[in-house]
Number of protein chains: 2
Amino acid sequence: MALTNPMPMGPWKLTVYDQENFQGKRTKFTSACQNIMECGMDNIRSLKVECGAWVGYEHSSFCGQQFILERGDYPRWESWSGSNAYHIERLMSLRPICSANHKESKITVFERENFIGHQWEMTDDYPSLQAMGWPSNEIGSMQVQSGAWVCYQYPGYRGYQYIMECDHHGGEYKHYRGLPRSNLPSSVSPPSSAVRAIRPTPFLPPPHPPPLPPPLPHLHPFILIPSCPARPGPAQAERLVNSADVYSAFFID
Amino acid sequence: MALTNPMPMGPWKLTVYDQENFQGKRTKFTSACQNIMECGMDNIRSLKVECGAWVGYEHSSFCGQQFILERGDYPRWESWSGSNAYHIERLMSLRPICSANHKESKITVFERENFIGHQWEMTDDYPSLQAMGWPSNEIGSMQVQSGAWVCYQYPGYRGYQYIMECDHHGGEYKHYRGLPRSNLPSSVSPPSSAVRAIRPTPFLPPPHPPPLPPPLPHLHPFILIPSCPARPGPAQAERLVNSADVYSAFFID
């Protein structure tokens, strides 16, 4: 992808670490990095986005799988990668998303390539286009009038992510072409089932801390009761400690 | 989890298949299923949500990892599972989310357990709580006043998913407790970095099809030009066909 603005000067800030959980060698970025190795990092294993919205790439030169990176902590690779059978543990280049502007975001999606067929103008997030009335399983082309958007392969903001920006390609994304289907996993299509506008860090003050609420008389002491009666067999035990037994106890009432 | 309403009568419809890509044996559901094996399915490999919003579970009896399932097609397990190092290919029970009501959804999040500390009332989706001004890395407790919500472990609607409903637990989610950290992957905390309201199928008519736009004179014929000059070595070739080479050609201008 051609990079329209490789050295933006806006208020962007991102810190990367070569170990998980924000450990090891670290480097700060305030503008695009085409190859992390040229910035002294062999790999990125965790990162913190402190300002702005960014996009990370699987390969150098802004190529390969894309990952939207909004303000927050990303302690391991699965915190930034999508939900796919093909897991991407590498993050080799990154850049700010200069056009991210949630309040003004607008995109028009078209049923077919070249801006033909049913069309729909959107200014809000849609976790499932089909649920909101889009008559097709696919989007053929898109016109980003303002802001920047993330499109997702599957409903609920899952699967591969594609960043669409008003200041790249003139905001015009005219064609969808996959490689020959015989080479692709079946999960490659449809290209988009969900879209959402990227919100930059808005520099909001933290919410006004209200006075502490009075003690609630109906609260009872916390007791850790597994809510799932199922017990794993020996073969399952190692995996289950990472999921069911933990998360069924996530919120207990 | 205790199931408040195991046999809702609303307009919910979901079809599951025992093979990927909507192949093989299939079964339709219009209400909760506690164990798919009791409904004649050995496993679920793909599914279509045709009406309503649903939640799927890794284990029977509504236990284990949760997966929000909104209207749309889910051709493979990675289309419904979250983005985690621990991959869940099983979906053993499912139920409609009866309280999903995006227009009326309201949740209050609290910094600490038992509804103490900073609090924030939300009626909209937040892909990154930190970006929107939440002063902490964690949410200690939540009160769902109306509707149903999905909370995510990581910013950008990634990581483990937790469904929060106004009609479960009286909408009160008072405590977060993980198991001892030594048994857990580091990715288990913080518990929530993003939240969004669940939107049920609204039965909207499809968007009004406008007349076809006039041909755009500046469009040029489509040519597939790989946008990434990098060429993978032999060891990378098999993986790359699933990602970079495909997706850098996703939209060509």
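This one's a predicted model, so the numbers in the text were calculated from it and none came from an experiment.

What to know about the sheet that holds strand β13 (residues 172–173) of chain B
Residues and elements named next belong to chain B. Here we have four strands laid out as an open sheet, ordered β9-β8-β10-β13, and antiparallel in their pairing. Every other strand in the sheet has two partners, leaving β9 (116–122) and β13 as the edge strands with one partner each. Pairing analysis gives five bridges linking strand β8 (residues 106–112) to β9, with the strands arranged antiparallel. Note on β9: the bridge partner recorded for Arg112 is Ile116.

Thoughts on empty space enclosed by the protein
Over the atoms rolls a probe the size of a water molecule, and in doing so it shows where empty space is left. With the rule as written, the count across this model stands at seven cavities of 30 Å³ or more. Looking at the largest cavity, it is lined by 16 residues, and the ones nearest its centre are Ser83, Tyr157 and Arg158 of chain A together with Tyr157 and Arg158 of chain B. Considered class by class, the residues forming the lining of the largest cavity number four nonpolar, ten polar and two charged.

With respect to the state of the cysteines
All names here are of chain A. Inspection of the entire model under this criterion finds zero disulfides over all chains. Lacking any disulfide linkage, Cys33 is separated from the closest cysteine sulfur, that of Cys39, by 3.2 Å. With relative accessibility at 2%, the residue Cys33 sits in the buried group.

What about unusual backbone geometry?
Unusually for a residue other than glycine, Phe115 of chain A sits at a positive phi of about 60°. Counting through the fold element by element, Phe115 of chain A comes out in the loop between β8 (106–112) and β9 (116–122).

Remarks on the environment of Gly140 of chain B
Residue and element names in this part refer to chain B. Looking at the secondary structure, you find Gly140 in the loop between β9 and β10 (141–146). Classification of Gly140 by relative accessible area gives buried; the value is 8%. Measuring from C-alpha to C-alpha, the distance between Gly140 and Trp120 comes to 12 Å, with 20 residues separating the pair along the chain.

Let's talk about the side chain of Arg158 of chain A
With respect to the helices and strands, the residue Arg158 of chain A is situated in strand β12 (residues 158–165). We note that Arg158 of chain A is buried and unpaired, the nearest opposite charge coming from Glu70 of chain B at a distance of 4.8 Å. Polar contacts involving the side chain of Arg158 of chain A include one to the side chain of Gln161 of chain B, which spans 3.3 Å. Residues contacting Arg158 of chain A, with those up to four places away along its chain left out, are Ser83, Tyr152 and Gln153 of chain A together with Phe67, Ile68, Leu69, Tyr74, Ser79, Trp80, Ser81 and Gln161 of chain B.

Let's talk about the UniProt feature "domain: Beta/gamma crystallin 'Greek key'" (unreviewed entry) in chain A
Residue and element names in this part refer to chain A. Annotation from UniProt places "domain: Beta/gamma crystallin 'Greek key'" (unreviewed entry) at residues 12–51, 52–98 and 105–146. Split by type, residues 12–51 is 0% helix and 50% strand. Its first and last C-alpha atoms lie 5 Å apart. For the annotated span residues 105–146, helix accounts for 0% and strand for 48% of the residues, and the straight-line distance between the end C-alpha atoms is 5 Å.

Quick notes on the pattern of salt bridges
For the structure on display, the rule yields 17 salt bridges over all chains. Put simply, Asp73 of chain A and Lys48 of chain A hold a salt bridge, and the shortest N to O gap is 3.5 Å. Of this pair, Asp73 of chain A sits in strand β6 (residues 72–74) while Lys48 of chain A sits in strand β3 (residues 46–51), and the two are 25 residues apart along the sequence. With a closest N to O distance of 4.0 Å, Lys174 of chain B and Glu172 of chain B form a salt bridge.

What about the environment of Ile68 of chain A?
Position of Ile68 of chain A among the secondary structure elements: in strand β5 (residues 63–69). Separated by 103 residues in the primary sequence, Ile68 of chain A and Gly171 of chain A place their C-alpha atoms 18 Å from one another.

Comments concerning the pairing of strand β11 (residues 148–154) of chain B
All names here are of chain B. The buried count for β11 comes to seven of seven residues, which makes it a mostly enclosed element. What sits between β11 and strand β12 (residues 158–165) in their antiparallel hairpin is a turn of three residues, with Gly156 showing a positive phi close to 75°. Bridge analysis of β11 against strand β15 (residues 194–197) gives four bridges, and the strand direction is antiparallel. Its bridge partner being in β15, Trp149 is matched across the sheet by Ala197.

What about the confidence of the model for chain A?
Residues and elements named next belong to chain A. Summarising the model, chain A shows a mean pLDDT of 73, and 67% of its residues fall at 70 or more. The least confident element of chain A, judged by mean pLDDT, is helix α2 (residues 244–247) at 30; the most confident is strand β2 (residues 23–29) at 97. Low pLDDT (under 50) marks residues 178–190, which in the prediction has 26 contacts with non-local residues, meaning those over four places away or in another chain. Under the prediction, the complex receives an ipTM of 0.73, its pTM being 0.74.

Points about the sheet that holds β12 of chain B
Residue and element names in this part refer to chain B. A sheet is described by the order of its strands in space; here three strands give the open sequence β12-β11-β15, paired in antiparallel fashion. Each of the sheet's edge strands pairs with one partner strand only, and the pair in question is β12 and β15. Direction aside, neighbouring strands of the sheet carry axes that sit 25° apart on average. Pairing of β11 with β12, which is carried by six bridges, proceeds in the antiparallel orientation. Pairing of Tyr152 across the sheet is with Gln161, part of β12.

What counts, and at which threshold
Residues numbered from 1 in each chain as written. Chains lettered and ligands numbered in written order. Predicted model: local features only at pLDDT ≥ 70, side-chain atom pairs only at ≥ 80, totals over all residues. Heavy atoms only, no water. Pairing = 2+ DSSP bridges. Helix = DSSP H or I, 4+ residues; strand = E, 2+ residues; numbered from the N terminus. 1 Å grid on protein atoms, 1.4 Å probe; cavity = no way out; pocket = protein on both sides within 12 Å on 5 of 7 lines; lining within 4 Å. Points joined across faces, edges and corners; volume = space filled by probe spheres on them. Nonpolar A, V, L, I, M, F, W, Y, C, P; charged D, E, K, R; others polar. Disulfide = S-S within 2.5 Å. Buried < 20%, exposed > 50% of the residue type's maximum accessible area, 1.4 Å probe, protein only. Lys, Arg positive; Asp, Glu negative; His and termini not counted. Salt bridge = Lys/Arg side-chain N within 4 Å of Asp/Glu carboxyl O. Polar contact = N/O pair within 3.5 Å; in protein donor to acceptor, adjacent residues only side chain to side chain. Contact = heavy atoms within 4.5 Å. UniProt positions renumbered as here; feature names shortened; annotations may be inferred. pLDDT = per-residue confidence, 0-100. Axes fitted to C-alpha atoms, helices over the stretch in contact; angles between N-to-C directions.

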